[in-house]
Amino acid sequence: MPVVTCIDDLRSMARKRVARAIFDYVDRGSYAEQTLRANRADLEALALRQRVGIDVDRRSLATTMAGHEVRMPVALAPVGLTGLNWADGEMLAARAAERFGVPFTLSTMSICSIEDVASAVQKPFWFQLYVMRDRGFAASLIERAKAAGCSALMLTLDLQIQGQRHRDLKNGLTVPPKLTLGTALDVMTKPGWALNVMRGRRKSFGNLEGRIPDAKSLTTLSQWIAGQFDPTLSWKDVEWVKGLWGRKLILKGILDAEDAKIAVQSGVDAIVVSNHGGRQLDGAVSSIRALPEIVDAVNNEVEVWFDGGIRSGQDVLRALALGARGTLIGRAFAYGLGAMGEAGVTRALEVIEKELDVTLALCGLRDVRDASRAILRAA
Ligand SMILES: Cc1cc2nc3c(=O)[nH]c(=O)nc-3n(C[C@H](O)[C@H](O)[C@H](O)COP(=O)(O)O)c2cc1C
């Protein structure tokens, strides 16, 4: 077993093991990938202040996110097709998160269903909702999430229309994965992945089976999304979802201070500053650059969370320093899953926790809740 010291190690392992179409689906971004790159570059450009001569014994990373106690301010982001990186991947990732003590968010576009994941964990998990044109179906997803005991609903607002990921088109990404002449050569070099995914309980969208007639015979993912996702989604619908759900509600995909103010008015519990990991509006600002103005705009009236580009504990601390109460990680855990299954997700969390802990200390802090702009060097 190779020594895994950082998230990039897990990424390299996943790249070797997972079929190219699936690895690229995880790894890549939309169009020219400017926003994908900016998410990383702008995080890395934030210099931390090294402080000395301060007692940093007995540190604490624990906090809360929307009232949920977390071992560190990191939750697993909703990631579609997680279960094609490793058989039953959503169940494994949910279990790893539960054992570790951080929240897991199940995507609408998951392979394992809401009920599959509920059977794998003891404590409540979170569910992410995409609103479809068929509102009856969206309402039924909300009901299923309630029945499964989900404690928070994350409504994603930045994908009512899908940005194009060139790689997915070139790779002919289909769900379930189809063997074509183009993919066969690649898959032949990844027999471990193929055998493992074949053994999984599902190969297609677990939440959609039996509800949408052609969920078993999809063409390309993007065609299907274009047909089903509702481009009319508006703030009125947030009210509708809130009324149906009645538990903690989180809005994901806020990148603009004006939108953040509207979100506050809608009375939600948290917002996630996010550009969908550079997978939607290419040319949009990086999430870390948008974060401070959004934190200022909401003026503590709602919890502000952050995602986009986090690959280390240092990145988590940078986001906290700029005012995020919590963070989500997408690719960082997906690489772990693709590399080593459940153990890889745990490893990803351990790596980030260790880095966060050491970085906190070297910045002269003992409690993660004390992170503020004071730990960043002025530009
Ligand atoms: C492979 C992949 C699939 C994703 N699927 C979803 C999804 O189904 N729903 C959603 O709200 N966000 C989805 N996202 C966005 C993530 O929730 C999150 O915003 C993003 O991954 C954060 O950036 P990071 O990957 O750099 O951590 C997806 C991201 C990736 C990488």
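Check the entry above for the structure.
To keep things clear, this report deals only with the structure shown in the data block. (Residues numbered from 1 in each chain as written. Predicted model: local features only at pLDDT ≥ 70, side-chain atom pairs only at ≥ 80, totals over all residues. Heavy atoms only, no water.)

Considerations on the site of the ligand
Then, number 1: If you check the shell around the ligand, you find 22 residues, and the closest are Pro78, Ser107, Thr156, Asp307 and Gly309.
Then, number 2: Contact between the ligand and Lys252: a nitrogen atom at 2.9 Å from a side-chain N or O atom of the residue.
Then, number 3: Side-chain polar atom of Ser274 to an oxygen atom of the ligand: 3.4 Å apart, as the coordinates give it.
Then, number 4: When the ligand is considered free in solution it has 600 Å² of accessible area, and contact with the protein chains removes 99% of it.
Then, number 5: Of the residues assigned to the shell around the ligand, the class counts are seven nonpolar, ten polar and five charged. (Near = heavy atom within 4 Å. Polar contact = N/O pair within 3.5 Å; in protein donor to acceptor, adjacent residues only side chain to side chain. Areas by Shrake-Rupley, 256 points an atom, 1.4 Å probe, with all protein chains shown as cover. Nonpolar A, V, L, I, M, F, W, Y, C, P; charged D, E, K, R; others polar.)

Here we look at the sheet that holds strand β3 (residues 74-76)
Within a sheet, neighbouring strands are paired by backbone hydrogen bonds and run either parallel or antiparallel to one another.
Then, number 1: An order of β3-β10-β9-β8-β7-β6-β5-β4 is seen for the eight strands of this open sheet, with the pairing classed as parallel. This sheet does not close on itself; its edge strands, each paired only once, are β3 and β4 (105-106).
Then, number 2: Together, β5 (126-129) and β6 (152-156) form the strand contacts of helix α6 (residues 135-147), whose direction differs from that of β5 by roughly 175°. (Pairing = 2+ DSSP bridges. Helix = DSSP H or I, 4+ residues; strand = E, 2+ residues; numbered from the N terminus. Contact = heavy atoms within 4.5 Å. Axes fitted to C-alpha atoms, helices over the stretch in contact; angles between N-to-C directions.)

What about the nonpolar core?
Then, number 1: Within the largest apolar cluster, 118 residues are counted, with the highest numbers of intra-cluster contacts made by Ile271 and Leu291.
Then, number 2: In contact with Leu291, not counting residues within four places along its chain, are Val273, Val304, Phe306, Ala319, Leu322 and Ala324.
Then, number 3: Listed in part, the 13 residues of the second largest apolar core include Ala77, Trp126, Ala152 and Ile250. (Core = buried A, V, L, I, M, F, W, Y, C linked by side-chain atoms within 4.5 Å. Buried < 20%, exposed > 50% of the residue type's maximum accessible area, 1.4 Å probe, protein only.)

Regarding the pairing of strand β7 (residues 248-254)
Then, number 1: Most of β7 is tucked away: six of the seven residues are buried.
Then, number 2: Alignment of β6 against β7, held across five bridges, turns out to be parallel. Pairing of Leu155 across the sheet is with Leu251, part of β7.
Then, number 3: Sheet analysis places β7 next to strand β8 (residues 270-273), joined by four bridges and oriented parallel. Looking at the pairing, Lys252 lines up with Val272 of β8.
Then, number 4: Crossover connection from β7 via helix α12 (residues 257-265) to parallel β8: handedness right-handed. (Right-handed = clockwise from strand over helix to strand, strands pointing away.)

Section: the packing of aromatic side chains
Then, number 1: Under the criterion given, the structure shown has three aromatic pairs.
Then, number 2: Where Tyr130 meets Phe229, the ring centres are 4.7 Å apart and the plane angle is 40°; that geometry is what we call tilted. Residue Tyr130 is located in the loop between β5 and α6, and its partner Phe229 is located in the loop between α10 (221-228) and α11 (235-245); the two are separated by 99 residues in the primary sequence.
Then, number 3: Here Phe229 falls in the buried class, since its relative accessible area comes to 2%.
Then, number 4: Its end group placed over the ring of Trp240, Arg135 keeps NZ or CZ at 5.4 Å from the ring centre. (Phe/Tyr/Trp six-rings, centres within 6.5 Å; stacked < 30°, edge-to-face > 60°. Lys NZ or Arg CZ within 6 Å of the ring centre and 35° of its normal.)

Digging into the pattern of salt bridges
Then, number 1: Tallied over the full model, the rule gives 25 salt bridges.
Then, number 2: A single network of salt bridges, built from pairs that share partners, joins Arg40, Glu44, Asp315 and Arg318. (Salt bridge = Lys/Arg side-chain N within 4 Å of Asp/Glu carboxyl O.)

Let's talk about α10
Then, number 1: Of the residues making up α10, those classed as buried are Leu221, Trp224 and Ile225. Buried residues along α10 cover an arc of 100° about the axis, so they all sit on one side.
Then, number 2: Buried residues belonging to α10 abut α2 (20-27). (Arc of directions from axis to C-beta.)

So, unusual backbone geometry
Then, number 1: Pro176 follows Val175 through a cis peptide bond whose omega is -5°.
Then, number 2: At Leu81, a residue that is not glycine, the phi angle is positive and equals roughly 60°.
Then, number 3: By secondary structure assignment, the location of Leu81 is in the loop between β3 and α4 (89-100).
Then, number 4: Owing to a relative accessible area of 1%, Leu81 belongs among the buried residues under this scheme.

Examining the pairing of β6
Then, number 1: A large share of β6 lies buried, amounting to five of its five residues.
Then, number 2: In β6, alternate side chains face the same way, and those of Ala152, Met154 and Thr156 on one face and Leu153 and Leu155 on the other are all buried.
Then, number 3: The pairing of β5 with β6 spans four bridges and is classified as parallel. Bridge pairing links Trp126 to Ala152 in β6.
Then, number 4: Running through α6, the crossover from β5 to the neighbouring parallel element β6 is right-handed.

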